[in-house]
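# A look at the structure
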Amino acid sequence: MHTKVDMVLSAEAAYNVDLMHSRSAEAVAAYNGFCTWLLALSMMPVLPMINAFGVAITNAIAAVVAWTGFGMLWATVQYGSQLRALIDVGFLHLIIIEPM
């Protein structure tokens, strides 16, 4: 499960490092802490949910969570440049390197 969370949230973490370049260590530390916290909280109720509701309902809930992660990733890719424009920190300019 950790791999799937990393696939979704790593794009968000890269975006945060891109925005807060001077505080990138804090952004990476916050990302690692958030992933650990998210996994701990999400794994805790799984076995009681399987016992209470069954495997199918538990898998349906997991699918909703996965689609939510997909939505976050899609929104980051789709609206990344517009979100960067909202937080202009002065050094996020496109550098065009001309061929020699």
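Residues numbered from 1 in each chain as written. Predicted model: local features only at pLDDT ≥ 70, side-chain atom pairs only at ≥ 80, totals over all residues. Heavy atoms only, no water.

Taking 1.5 Å of rise per residue, 32 residues should cover 46 Å, and helix H4 (residues 55–86) covers 43 Å from first to last C-alpha, within 8% of that figure. Taken as a whole, H4 carries its principal kink of about 70° at Tyr79. (Helix = DSSP H or I, 4+ residues; strand = E, 2+ residues; numbered from the N terminus. Expected span 1.5 Å × (residues − 1). Bend = angle between axes of the 7 residues up to and from the residue.)

A separate point is the packing of aromatic side chains. For the coordinates displayed, the defined rule picks out three aromatic pairs. For the pair Trp74 and Tyr79, a centre-to-centre distance of 5.8 Å together with 90° between the ring planes defines the contact as edge-to-face. On the accessibility criterion, Trp74 (42% relative accessible area) is partly exposed. (Phe/Tyr/Trp six-rings, centres within 6.5 Å; stacked < 30°, edge-to-face > 60°. Buried < 20%, exposed > 50% of the residue type's maximum accessible area, 1.4 Å probe, protein only.)

With that settled, the discussion passes to the side chain of Thr58. When you line up the elements, Thr58 lands in helix H4. With sequence-adjacent residues up to four places away left out, Thr58 is seen in contact with Val46, Met49 and Ile50. (Contact = heavy atoms within 4.5 Å.)

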